[in-house]
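Topology and contacts: notes
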Amino acid sequence: MIAVIPVRDGVAPAGADEAIGEANGEAVFIGSRADVAAKDLTDYGVRFWTIEAELEPHAVAIDVAHALSTLGRTDSIVLPASPDGRDLAPHIAHRLGRTLFAGAITISDERVSVSVRGGLAIADHQPSGPFVATLQLGVRGSERDERETIIEALSSIIASSGVVSSAASVSSAVRSDGVLPPDVSTMDLAEAPRILGGGAGLSDGPAFDLLGRVAVALQASMGVTRVITDRGWASHERQIGTTGVVVDPDLYISFGVSGAVQHTSGLGQPEHIISVNTDAHCPMMQMSDLAIVSDANEVLRELASRLAVERS
Amino acid sequence: MTITVCIKWVLPNRDGDERFAGISLADQAAVETGLSVAEALNDTCTVVTVGPPAAEASLRDALACGAHDVVRIDGSADTDSAETARLLAEHCVHSRFIVCGDYSADRGSGSVPALIAARLERGQALGLIDVRIVGESLSVVRRLDGGRREKLSIVGPAVISVEGSVARLRRASLRATLAAGEAHINVITNDGSGALRRNPETVPPRPYRPRARVVPSPSGSSALDRVRQITDTSSSKGHGETVVLSPEDAASRILESLRAWGYLADSAT
Amino acid sequence: MMTSPTQHDADIIVVGAGPAGSCAAIAAARAGKSVILIERGPFPGSKNMYGGVVYPRILDELVPSWWETMPVQRWVVKRSTMLLSDSGALNIDFRANSWGAPPYNGATAYRPDFDNWLANHAVEAGARLVCSTTVTGLLRDSNGRIQGVSTDRPDGDLHAPIVIACDGVNSFLAKQSGLYPHTDASNFTLGVKETLALPKHVIDERFGVRDNLGVDIEILGGTSGVNGGGFIYTNLDTIALGVVLKLPKLAAQQKRPEQIIAELKRHPAIAPLIEGAEVKEYSAHVIPEAGLDMMPTMVADGMLVAGDAAAMCLAAGIWLEGVNFAMASGMYAGQAAAEAIAKNDVSSRGLSGYTDRLEKSFVLRDHRKLRKVPHLVLSDRVQHKYPAFVAGVVERVFRVDNPHPKPGVRRIVREERKKAGIGLLDLLRDGWTGMRGFG
Ligand SMILES: Cc1cc2nc3c(=O)[nH]c(=O)nc-3n(C[C@H](O)[C@H](O)[C@H](O)COP(=O)(O)OP(=O)(O)OC[C@H]3O[C@@H](n4cnc5c(N)ncnc54)[C@H](O)[C@@H]3O)c2cc1C
Ligand SMILES: Cc1cc2nc3c(=O)[nH]c(=O)nc-3n(C[C@H](O)[C@H](O)[C@H](O)COP(=O)(O)OP(=O)(O)OC[C@H]3O[C@@H](n4cnc5c(N)ncnc54)[C@H](O)[C@@H]3O)c2cc1C
Ligand SMILES: Nc1ncnc2c1ncn2[C@@H]1O[C@H](COP(=O)(O)O)[C@@H](O)[C@H]1O
């Protein structure tokens, strides 16, 4: 098995390490400044090839097909199921005439298990030949590979020859106007590395508004308990828990959250938790690294003035 | 050139109860996007599905909402992605924009739109979270990982797929709903045989269970340290500190901790 | 009154695809009239709840051999009435195996299945069903004559010479049309129900039934001092357990209905039946309880009211029937409406075939007969004193208190009656009302 890692401006997508691990340390990096991304991930691999190219799906499929035949590889291909991986894998599968298994949770030559029905069930497949698969992010985990990593640059055939007729016209139909940096206030909570959570302890709308602003000032995203969504102060995508979003931030700071199991079960395993609550003994305080008994509304007001957050 | 919207009619579970079946939020958003783009560009909007007769209920809903035409390509809901894409692609050859949902509710591979683009050698912009019509083209934002987004301009012909939050499907008028109930639905049957390639599934799906995750090997110098590292939970959680503080002190303490943990390195204060 | 069909969307608009609405639509469509059936839920029955037993014999007229296709959970072959005191219970069982074969008697069924099935018959008969659409008002012409309905959809007005309101209890349409003066809380009870999951074989064993045969238990007492009653019905692999509570009493007691259900579930006579069951669903709904005394005027110019919308529900303690009354009244309304269209007179006189039919059938006869029964069954005496009295008597009659000799039954009755604080005259009077009502 060999991994294909799409690269944007020297950055490999989330889940690249896991895909490389699944492919036993062998990977083709393709995209802009692919070599930079490859060097970043040498801890996880043994043999990397890089192709400097634009991330245009049709062209990438041709390049990957060409690279693999040059390398004499006919084995299966795995990509991370990141947005770019999701978009490229079907093109590669189509180009190579192979079956595509999208959103797999385990991948081997004998068996591919794919999650279906929105993650409620697993379908097992027995591939009849080499295939293309995307590996869901975070399902595998990754281990360092102590072995030396060899990196070799391959040339893009798109750049060197005119094999592709359609790719150029295709790319004119869709033009990239650039990549926007992460924006904590609109970021998908599930991806947010830092979250400020608000619960019923926030007494009123203005206090709750402060939560969002302080969050932005701390480069964090805002999450809430169901009590808050029930109050209509935040939309459902902001609700953390069993009936909301499952998150996995590094940092979670809660304000007036009691820590009901329906909430904490969606919290993942934050590296650091701070809680502000008037009740020292509620579950949220029990699971915090720093539990501060204080009025959450006042503390937010104080933090806002320290961080010079504008109040509208 | 028309706008074609692809929707997938999905049963809620395997021994499906058709009363609860329908299209996903993303597909609803696709229908709305298709309709608004068609209106803005003064074009027609066709809604297509590969599915069984019961899927016609969703097509009728689309008609009631204003689709100019609907087509059902006869096939099981289990038809595999590549085959689905082939059937849809044949139907969309002349479309300027092919609008899909980003994931279907059952299989949810998110691969059909890209497979259509691959077949038709069209441009693609998938997983859109914002679609705006600017003159004759679309200005869209697509989700990348790590919270980044990509802005794109699309003149077409292209395949796009949208997330459910992009648009809310309009409510059909009563008259249109009544009319759609009686409308004729075009059905395309395949190759006479009707036998489409199914998902290459060998056994029925089983309940989801996460796979065992690989854990980095411990790096302590003695065996005891290494064992501790993987078994000891006491080091991190459950031994937090509880303090009673005034709001001012609480704020100071929070910022202090954040700085100590390295979260404030890159911001002021 | 003349009708001008050209500007109408249909001859008849039926509001609500519950049992009443679907039967109205079937009857009218069968009579060759054009019918639009409007339902607010995504499909008929999707939002409807009830206890769990239907008595569908009235369908003989509309759906021949209905038992062959009706989505049934279990056929009821055993009916019990349970009198609960704080710690004891008296059970009166009746079992009829003939109820387990065509033409059957009662059946447990899920409303989303049953209502949907019935509505499909309306569609097959030619009615046009529109779901996910809520009727928001009546349309009237300048003379105040009903012209149709408005809905919550864009461009949502529909015109027809006759509207049949089958929109259930608290009928908004009946109220809007001024037909319904009774909105006093004392006329309503609150029904609350839990659906409890248990494996089929466990249900079979605990209730003494097998295959698709089932049990219907009505309960008097055990509602934590709030006047009302309870019920337990067996489905294939769930049990419906619920209570019906007088609204004013409920408010006065300041108890939450879920508390009352929880206490009922803990009663020593009930707990073993449901042990280990998992709560799958909790729902609540208002029931018009006062019977005949609160029925609205059911006919107006261009409008008929049927089913719960016309308060045609019999909630008389050990009877909890509504679906059968709804189906029957719906059917009669549909027939009368079709008749009125045919004779081109949609005034209340032209529609009076409806009340005639109701009077002749079980619908009003049962209600007339049981007129005083709901009040009796829900009276404080029956509710709070009789169960303890009866259970006390029975407990003492059966108690073996050696070395004391058994006391005479008459003495026990007298002592227990006094202990329960029931006057002899009251007992006799209630007995008389009960005999007349039930007898
Ligand atoms: C089926 C089901 C699904 C559910 N799903 C979810 C879910 O997905 N997500 C979710 O969040 N919940 C969910 N819930 C609800 C959940 O059980 C809790 O009710 C909810 O999480 C509690 O939210 P809370 O902590 O904001 O409120 P509370 O539990 O009311 O806690 C408020 C906290 O604020 C503290 N407080 C009060 N005043 C102050 C003050 N001035 N300063 C500081 N602290 C103060 C209190 O001490 C208390 O600890 C679900 C419940 C059910 C039954
Ligand atoms: C707890 C409880 C237990 C019961 N147990 C039993 C029992 O065991 N057996 C029995 O026979 N009866 C029972 N009943 C009574 C029975 O449920 C009713 O009598 C029966 O459902 C009445 O039928 P209906 O068609 O008149 O009204 P409903 O069943 O209430 O149907 C009304 C329909 O109209 C629709 N609707 C309402 N408003 C609008 C609107 N504005 N626009 C469009 N559509 C609208 C509703 O969605 C619904 O589908 C019970 C009731 C309760 C509450
Ligand atoms: N059978 C189908 N008929 C029409 N469109 C489909 C079908 N299957 C998938 N699609 C489209 O492709 C999108 C992604 O589906 P999937 O690749 O199955 O996750 C859906 O949201 C639809 O827009």
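Residues numbered from 1 in each chain as written. Chains lettered and ligands numbered in written order. Predicted model: local features only at pLDDT ≥ 70, side-chain atom pairs only at ≥ 80, totals over all residues. Heavy atoms only, no water.

1. Observations regarding the sheet that holds strand β8 (residues 158-162) of chain B
Stated precisely, the cut-off is as follows: Two strands are said to pair when DSSP picks up at least two bridges between them. Note on conventions: DSSP H or I runs of at least 4 residues are helices, E runs of at least 2 residues are strands, and numbering of each starts at the N terminus. For every element, the axis is a line fit to its C-alpha atoms; helices are fit only across the contacting stretch, and the angle between N-to-C directions ranges from 0 to 180 degrees.
If you trace the 10 strands from one edge of the open sheet to the other, you get β10(A)-β7(B)-β6(B)-β5(B)-β8(B)-β4(B)-β1(B)-β2(B)-β3(B)-β9(B), paired in mixed fashion. The sheet terminates laterally at β10 (174-180) of chain A together with β9 (186-188) of chain B, the two strands that pair on one side only. For this sheet, the mean inter-axis angle between neighbouring strands, taken without regard to orientation, is 35 degrees. Judged from the six bridges that link them, strand β6 (residues 137-143) of chain B and strand β7 (residues 149-154) of chain B form a sheet pairing that is antiparallel. Looking at β7 of chain B, one finds that L138 of chain B is bridged to I154 of chain B.

2. Thoughts on the interface of chain B and chain A
Selection criterion: Contacts are residue-level and defined by heavy atoms, with any inter-residue pair within 4.5 Å sufficient. Accessible-area loss on putting two parts together, using a 1.4 Å probe and summing over both, is the definition of buried area adopted here. Whenever Lys or Arg places a side-chain nitrogen within 4 Å of a carboxyl oxygen from Asp or Glu, that contact is recorded as a salt bridge. Polar contact is defined as a pair of N or O atoms within 3.5 Å, subject to the rule that within protein one atom must be able to donate a hydrogen and the other to accept it, and that residues adjacent in sequence are counted only when both atoms are side-chain atoms.
Contacts between the two partners involve 81 residues from chain B, matched on the other side by 87 residues from chain A. Note on chain B versus chain A: buried area summed over both sides is about 7,200 Å², and carbon and sulfur give 56% of it. When the buried area of chain B at its contact with chain A is split by residue, Y208, R211 and Y263 of chain B rank highest and sum to 11% of it. Linking chain B to chain A there are three salt bridges. The partner of E150 of chain B in a salt bridge is R8 of chain A, and the shortest N-O contact between them spans 3.1 Å. One can count 26 residue pairs in polar contact (both at pLDDT 80 or more) joining chain B with chain A. Elements represented by at least two residues in the side of chain B that touches chain A include exactly α4 (112-120), β5 (123-134), β6, β7, β10 (206-207), β11 (241-244) and α7 (247-260) of chain B.

3. Concerning the domain arrangement of chain C
Interfaces are often sized by the accessible area lost when the parts come together. Residues and elements named next belong to chain C. Formally: In this entry, domain limits derive from an automatic or database-based domain assignment.
Here chain C is described as being made up of domain 1 (12-73 + 110-182 + 293-369), domain 2 (185-288) and domain 3 (379-438). The centre of domain 1, based on its C-alpha atoms, is set 28 Å off from the matching centre of domain 2. Every contact between the two is made by 20 residues of domain 1 and, on the other side, 21 residues of domain 2. Of the roughly 1,800 Å² buried between domain 1 and domain 2, counting both surfaces, carbon and sulfur atoms make up 64%.

4. Topic: the pairing of strand β8 (residues 131-135) of chain A
Residues and elements named next belong to chain A. Selection rule: Only protein chains enter the accessibility calculation, which uses a 1.4 Å probe; a residue whose area is less than 20% of its type maximum is buried, one above 50% is exposed, and one in between is partly exposed.
For β8, the buried fraction is high: five of the five residues fall into the buried class. By the alternation rule, side chains of β8 split into F131, A133 and L135 and V132 and T134, which are all buried. Sheet topology places strand β4 (residues 77-80) next to β8; four bridges connect them, and they run parallel. Bridged to I77 within β8 is V132.

5. Observations concerning the arrangement of the chains
Ranking by contact count across two pairs of chains in contact places chains A and B at the top. Nothing in chain A touches chain C, and the closest approach of their C-alpha atoms is 17 Å.

6. With respect to the nonpolar core
Test applied: What is meant by a nonpolar core is a set of buried Ala, Val, Leu, Ile, Met, Phe, Trp, Tyr and Cys residues, joined one to another through side-chain atoms within 4.5 Å.
Counting 126 residues, the largest nonpolar core has I164 and Y354 of chain C as its most contacted members. Leaving out residues up to four positions away in the same chain, I164 of chain C has contacts with I12, I13, V14, V15, A24, L304, A333, G334 and A337 of chain C. Among the nonpolar cores identified, the runner-up in size contains 37 residues, and V37, A62, V131 and V162 of chain B belong to it.

7. Topic: the sheet that holds strand β13 (residues 251-255) of chain A
One open sheet accounts for six strands, arranged β12(A)-β11(A)-β13(A)-β14(A)-β15(A)-β11(B); its pairing is parallel. Strands with a single pairing partner mark the edges of an open sheet, and in this sheet they are β12 (221-224) of chain A together with β11 of chain B. Between one strand and the next, the sheet's axes are offset by a mean angle of 15 degrees, whatever the strand orientation. In this structure, strand β11 (residues 194-198) of chain A lies alongside β12 of chain A, joined through four bridges in parallel fashion. Its bridge partner lying in β12 of chain A, I195 of chain A is registered against S221 of chain A. Along the sheet, helix α7 (residues 205-217) of chain A makes contact with β11, β12 and β13 of chain A, crossing β12 of chain A at roughly 145 degrees. Along the sheet, helix α11 (residues 296-306) of chain A contacts β13 and β14 (272-277) of chain A; its crossing angle with β13 of chain A, the most-contacted strand, is approximately 125 degrees.

8. Some details on the site of ligand 3
Residue and element names in this part refer to chain B. What counts here: Residues are counted as near a molecule or strand when any one of their heavy atoms sits within 4 Å of it. Exposure was quantified through the Shrake-Rupley algorithm and a 1.4 Å probe, taking into account, for residues, occlusion by the shown protein chains and nothing else. Residues are grouped as follows: Ala, Val, Leu, Ile, Met, Phe, Trp, Tyr, Cys and Pro are nonpolar; Asp, Glu, Lys and Arg are charged; all remaining types, including Gly, are polar.
Taken together, 20 residues form the shell around ligand 3, and within it C6, I7, D27, S104 and G110 come nearest. Here a nitrogen atom of ligand 3 sits 3.3 Å away from a polar atom, N or O, in the main chain of I7. G110 places a polar main-chain atom, nitrogen or oxygen, 2.6 Å from an oxygen atom of ligand 3. For ligand 3, the accessible surface in isolation is 480 Å², of which the surrounding protein chains cover 99%. Only β2 (45-51), α3 (81-92), β4 (95-101) and α4 provide two or more residues apiece to the shell around ligand 3. With three residues, the single largest contributor to the shell around ligand 3 is β2. Here the residues of the shell around ligand 3 sort into nine nonpolar, eight polar and three charged.

9. Describing helix α4 (residues 83-96) of chain A
Residues and elements named next belong to chain A. Defined as follows: By definition here, a helix of n residues has an expected span of 1.5 Å times n minus one.
With 14 residues, α4 should reach 20 Å at 1.5 Å per residue; the first-to-last C-alpha distance of 21 Å fits that figure. Counting buried positions over the 14 residues of α4 gives 11, a clear majority of the element. Taken together, the buried positions of α4 are occupied by P83, D84, G85, R86, D87, L88, A89, P90, H91, I92 and A93.

10. Structural notes on the packing of α4 of chain A against α4 of chain B
Describing two packed helices takes the angle between their axes plus the distance from one axis to the other. Spelled out, the test is: Roughly parallel means an angle under 35 degrees; roughly antiparallel, over 145; roughly perpendicular, 65 to 115; everything else is oblique. Left-handed describes a crossing in which the near helix is turned anticlockwise from the far one by less than a right angle; the clockwise case is right-handed.
Running from amino to carboxyl end, α4 of chain A crosses α4 of chain B at an angle of 45 degrees, the nearest separation of the two axes being 8 Å. Relative to α4 of chain B, the element α4 of chain A lies oblique. Considering only the axes of α4 of chain A and α4 of chain B, their crossing is right-handed. Of α4 of chain B, the residues touching α4 of chain A (which contributes D87, P90, H91 and H94 of chain A) are A114, L115, A117, A118 and R119 of chain B. Each residue belonging to the contact of α4 of chain A with α4 of chain B can be placed in one class, and the counts come to five nonpolar, two polar and two charged.

11. Focus on the interface of chain B and chain C
Each side of the interface is counted separately: chain B has 10 residues, and chain C has 18 residues. Among the residues of chain B in contact with chain C, R19, R171 and L174 of chain B are the three that bury the most area, contributing 51% of the side total. One can count five salt bridges joining chain B with chain C. A salt bridge links D152 of chain C to R171 of chain B; the nearest nitrogen and oxygen atoms lie 2.9 Å apart. Remark: the boundary between chain B and chain C carries eight residue pairs in polar contact (both at pLDDT 80 or more). Residue composition of the side of chain B that touches chain C, by class: four nonpolar, two polar and four charged.

12. Digging into the packing of aromatic side chains
Each aromatic ring pair is characterised by the separation of its centres together with the angle its planes make. This is how it is decided: Centre distance within 6.5 Å is the pairing criterion for rings of Phe, Tyr and Trp, where only the six-membered ring of Trp is used; planes under 30 degrees apart are then read as stacked, over 60 as edge-to-face, and the remainder as tilted. For a ring to carry a charge above it, either NZ of a lysine or CZ of an arginine must fall within 6 Å of the ring centroid while also lying within 35 degrees of the normal to the ring plane.
Throughout the structure, instances matching the rule amount to 11 aromatic pairs over all chains. Between F101 of chain A and F131 of chain A, the aromatic rings sit 5.4 Å apart at their centres with planes inclined by 75 degrees, giving edge-to-face as the arrangement. With F101 of chain A in strand β5 (residues 99-107) and F131 of chain A in strand β8, this pair connects stretches of sequence that are 30 residues apart. Across the pair, F131 of chain A and F101 of chain A agree in class, each one buried. With a centroid separation of 5.3 Å and 40 degrees between ring planes, the pair formed by F325 of chain C and F362 of chain C is classed as tilted. Linking F325 of chain C in helix α9 (residues 323-342) with F362 of chain C in helix α11 (residues 362-369), this pair joins segments that are 37 residues apart in sequence. Residue F362 of chain C is classed as partly exposed on the basis of its relative accessible area of 26%. Chaining the aromatic ring pairs together yields one cluster made of W66, W67, W75 and Y104 of chain C. We note R231 of chain A situated over the ring of W233 of chain A; from NZ or CZ to the ring centre the distance is 4.8 Å. Residue placement shows R111 of chain C over the ring face of Y50 of chain C; its charged tip is 5.1 Å from the ring centre.

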